[in-house]
Every structure is written in structure tokens, then in C-alpha cells.
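What the coordinates show
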Amino acid sequence: MGSIDISINKAFTARAFDTSTGDLAKNSQPGEQFYGISDSNHGRVMIFAGGLPLRGSNGNVVGGVGVSGGTGEQDQVVVEAAMAAF
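Everything quoted here is computed from the prediction, not taken from an experiment.

1. Let's talk about helix α3 (residues 72-85)
- Between its terminal C-alpha atoms α3 stretches 20 Å, which fits the 20 Å expected from 14 residues at 1.5 Å a residue.
- Those residues of α3 that sit buried are Asp 75, Gln 76 and Val 79. Looking straight down α3, one finds its buried side chains confined to an arc of 100°; they lie on one side. Opposite the buried face of α3, by more than 90 degrees, sit the exposed residues Glu 73, Val 77, Ala 84 and Ala 85.
- Buried-residue contacts for α3 involve α1 (2-17), β1 (51-55) and β2 (61-66).

2. Side note on the nonpolar core
- Counting residues in each nonpolar core, the largest one holds five residues, listed as Leu 52, Leu 54, Val 65, Val 67 and Val 79.
- Leave out the neighbours within four places in its chain, and Val 65 touches Ala 11, Gly 50, Gly 51, Leu 52, Leu 54, Val 79, Ala 82 and Met 83.

3. Some points on the pattern of salt bridges
- In the structure shown here, the tally under the stated rule is three salt bridges.
- Here Arg 15 and Asp 18 are joined by a salt bridge, their closest N and O atoms 2.6 Å apart.
- Assessed through its relative accessible area of 33%, Asp 18 is described here as partly exposed.
- Here Lys 26 makes a salt bridge to Asp 23, at a shortest N to O gap of 3.5 Å. A residue pair is termed a helical-turn pair when its members lie 3 or 4 positions apart in one helix, as Lys 26 and Asp 23 do in helix α2 (residues 21-27) at three residues.
- Judged by its relative accessible area of 37%, Asp 23 falls in the partly exposed class.

Cut-offs and rules
Chains are numbered independently. Their residues run from 1 in the order of the written sequence. Owing to the predicted nature of the model, reporting of local features is limited to residues with pLDDT of at least 70; listing and counting of side-chain atom pairs is limited to 80 or more, with chain, interface and lining totals taken over all residues. Values reported for side chains reflect all heavy atoms of the structure, with hydrogen atoms and water molecules removed beforehand. Only DSSP runs of H or I covering at least 4 residues are called helices, and only runs of E covering at least 2 are called strands; the numbering of each starts at the N terminus. What a helix is expected to span follows from its residue count: subtract one and scale by 1.5 Å. Relative accessibility decides the category of a residue: with a 1.4 Å probe and only protein chains considered, values under 20% of the type maximum give buried, values over 50% give exposed, and everything between is partly exposed. It is the directions from the helix axis to the C-beta atoms that the arc portrays. In what follows, a contact means two residues having at least one pair of non-hydrogen atoms within 4.5 Å. Working definition of a nonpolar core: buried Ala, Val, Leu, Ile, Met, Phe, Trp, Tyr and Cys residues. They are joined through side-chain atoms within 4.5 Å. Any carboxyl oxygen of Asp or Glu within 4 Å of a side-chain nitrogen of Lys or Arg constitutes a salt bridge here.

Quick look at the structure:
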């Protein structure tokens, strides 16, 4: 059940910041520019792999995709496959 909420919030995070959640994770560590960002947006910001912004054919962000349920590496593989199918 927890993975459902996490995947929704990964999609939210990817769209809210127009970046992958994996990249956001790297920049949210202590001493980095976005440290503490996971506390923003009422705790909805996910800072681990598995969320990507969804870009249309013109390159504009049109949404977000989030995957949860496996390891971070597995979630990333699945979300990238979803993006390739789009």
C-alpha cells in the first residue's frame, strides 16, 4: 500500500521540479543546494530514484511518471521503460 503513495509522490516531485527524483536525491544531501527539500510541499517530495518528468514531443513537460515497489535501481529501470513507451 505504501508504494502507491510513493509512486504518486515521485510523479508529483518529477513534475513539480521538472527533474528526475534520482537527480534531486543527489542534490538534497547535507551540504548540497537542495538539502531539506524533502520537507517541502507537505512532505510529498520524494528524493530517491523512480520519478521522471514526462516530456511531450516538443520537449515541454506535460506531467510526471512515478514507480515504486522495487529497489531504487529497479524503479528507475521501470520508469525509463515507461518513458520510452510514451
